[in-house]
Amino acid sequence: MDVSQYLEIFIDETKEHLQTLSDQLMILEQEPENTDTINEIFRAAHSLKGMAGTMGYKRMQRLTHDMENVFQEIRSGNMKVKPELVDVLFRGLDALDAYLNNIINTADEGTEDNEEIINALNSIAENATGKSTASKPAETKPAEESEKTEDIQGAKYDSIQISDFERNTFDKAKSQNQNIFGITVYLQESCILKAARAFLVFKALEE
C-alpha cells in the first residue's frame, strides 16, 4: 500500500487551511470585530486540530486546539480581539507552517512544542475571561473500566470527554429538532497505516 497518498491528502488539506488562516488573520488585523472572519479562523483551527490528531501530530494538534479555544471565547462574546492577540496568532501561524514543512520533508512534525506561543495564547484568554483555556491531557481509564463501560452503555463514544462548548452545541441542536449521532469506528489490529485510515474516516465524516 502506498503510504504517500494519505500523507499527500493531509498536506494538501493543511495547506488550504493555513492559507485560510493567513488570509483571515490579515483581515482580522484590520477588522477585529468581523464576525465572518472570526468564524472562518475558528473553523480552520478546528479542522486542523482534528486532522493533526488523526494523523498523530500531537504538537500541531495542541497548538490548533488552543487557537480554537481562544476563538470560541471570542465567538461567545467573552473576549475581544486585541493587537496583542493578533501578533501571537501570526506567530502561531508561522509555527504551523514550520510543522507542515517538517512533515513535507520528513513525514514527522518535529520536536518543537512552541510552549511560548501556547502560553501567550492562554494568558491573553485567561486575563480577558478570568478562566483558563489551556489544553488539558485527556484522562485515561484502565482497560477493564473501558470494557465495562462499553458492555453497559454499548458504545465507546459514550466515554469521550465532552467540553462545555460541545455540550451546548448538542443542546442547541436538540432544541432545533436536529439529530445527533454517535459513531464508534473500529480498525483491525492487523491493519497497517492506522492513523492514515482514521484520517480518511475523519475526512469522510467531515464531508
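To start, this report covers the structure provided alongside it. From a predicted model like this one, the values you see are computed outputs, not experimental measurements.

Here we come to the overall build of the protein. Helix and strand counts for the protein stand at eight helices and zero strands. Secondary structure elements of the protein occur, N-terminal to C-terminal, as α-α-α-α-α-α-α-α. Each of the 207 residues in the protein was classed as buried or not, and the buried ones make up 35%. Taking as baseline every contact in the protein between residues at least 6 positions apart, the subset at least 24 positions apart corresponds to 70%.

On to the pattern of salt bridges, then. Throughout the structure, instances matching the rule amount to nine salt bridges. Note that lysine 203 is salt-bridged to glutamate 13, the shortest N-O span being 3.2 Å. A residue pair is termed long-range when its members are at least 10 positions apart, and lysine 203 in helix H8 (residues 194-206) and glutamate 13 in helix H1 (residues 3-30) qualify at 190 residues. Here lysine 203 falls in the buried class, since its relative accessible area comes to 9%. Residue classification places glutamate 13 among the partly exposed positions, given a relative accessible area of 21%. Here glutamate 206 ties to lysine 203 by a salt bridge, and the two come within 2.4 Å at their closest N and O atoms.

Time to look at the packing of aromatic side chains. By the definition in use, this model includes three aromatic pairs. On the basis of an interplanar angle of 50° and a centroid distance of 5.2 Å, the ring pair of phenylalanine 10 and tyrosine 57 is categorised as tilted. Here phenylalanine 10 is found in helix H1, whereas its partner tyrosine 57 is found in the loop between helix H2 (35-55) and helix H3 (58-75), with 47 residues between them in sequence. For the pair shown, phenylalanine 10 and tyrosine 57 are each scored as buried. Relative to phenylalanine 165, the ring of phenylalanine 42 has its centre 5.8 Å away and its plane inclined at 80°; by these criteria the two rings are edge-to-face. Of the two residues, phenylalanine 42 is situated in helix H2 and phenylalanine 165 in helix H7 (residues 164-175); the sequence distance between them amounts to 123 residues. For phenylalanine 42, a relative accessible area of 7% puts it in the buried group. Site record: aromatic cluster; members linked through ring pairs are Phe10, Tyr57 and Phe199.

Attention shifts here to the packing of H2 against H3. Where H2 contacts H3, the axes come no closer than 8 Å and their chain directions differ by 155°. In terms of orientation, H2 lies roughly antiparallel with respect to H3. Crossing of H2 over H3 shows left-handed handedness. Side by side, H2 and H3 meet where Ile38, Asn39, Ile41, Phe42, Ala45, His46, Leu48, Lys49, Ala52 and Gly53 of the first sit next to Lys58, Met60, Gln61, Thr64, His65, Met67, Glu68, Phe71, Gln72, Ile74 and Arg75 of the second. Of the residues contributing to the contact of H2 with H3, the split by class is ten nonpolar, seven polar and four charged.

By secondary structure assignment, the location of arginine 59 is in helix H3. In this structure, the C-alpha to C-alpha distance between arginine 59 and threonine 111, residues 52 residues apart in sequence, is 8.0 Å. In this structure, arginine 59 is in contact with Tyr99, Glu109, Gly110, Thr111, Glu112 and Asp113, ignoring residues within four places of it in sequence.

What follows deals with the nonpolar core. The biggest cluster of nonpolar side chains holds 43 residues, and the ones touching the most others in it are Phe10, Leu21, Leu28, Leu63, Leu96 and Leu121. Top element by residues in this core is helix H4 (residues 83-106). It accounts for eleven residues. When residues no more than four places from it in sequence are discounted, the contact partners of leucine 28 are Thr37, Ile38, Ile41, Phe71, Val81, Val86 and Leu89.

Bringing the side chain of lysine 49 into the picture now. Counting through the fold element by element, lysine 49 comes out in helix H2. Here lysine 49 is in contact with Gln61, Thr64, His65 and Glu68, once residues within four sequence places are set aside.

Another point: the packing of H2 against H8. Running from N to C, H2 and H8 cross one another at 150°; their axes reach a closest spacing of 7 Å. With respect to H8, the axis of H2 lies roughly antiparallel. Taking contact as the criterion, the partners of Ser47, Gly50, Met51, Thr54 and Met55 in H2 are, on H8, Ala195, Ala196, Ala198, Phe199, Phe202 and Glu206. Of the residues in the contact of H2 with H8, the class split is seven nonpolar, three polar and one charged.

Each value, and the rule that gives it
Residues numbered from 1 in each chain as written. Predicted model: local features only at pLDDT ≥ 70, side-chain atom pairs only at ≥ 80, totals over all residues. Heavy atoms only, no water. Helix = DSSP H or I, 4+ residues; strand = E, 2+ residues; numbered from the N terminus. Buried < 20%, exposed > 50% of the residue type's maximum accessible area, 1.4 Å probe, protein only. Contact = heavy atoms within 4.5 Å. Salt bridge = Lys/Arg side-chain N within 4 Å of Asp/Glu carboxyl O. Phe/Tyr/Trp six-rings, centres within 6.5 Å; stacked < 30°, edge-to-face > 60°. Axes fitted to C-alpha atoms, helices over the stretch in contact; angles between N-to-C directions. Parallel < 35°, antiparallel > 145°, perpendicular 65-115°, else oblique. Left-handed = near helix turned anticlockwise from the far one by under 90°. Nonpolar A, V, L, I, M, F, W, Y, C, P; charged D, E, K, R; others polar. Core = buried A, V, L, I, M, F, W, Y, C linked by side-chain atoms within 4.5 Å.

Any functional reading would require information that these geometric values do not contain.
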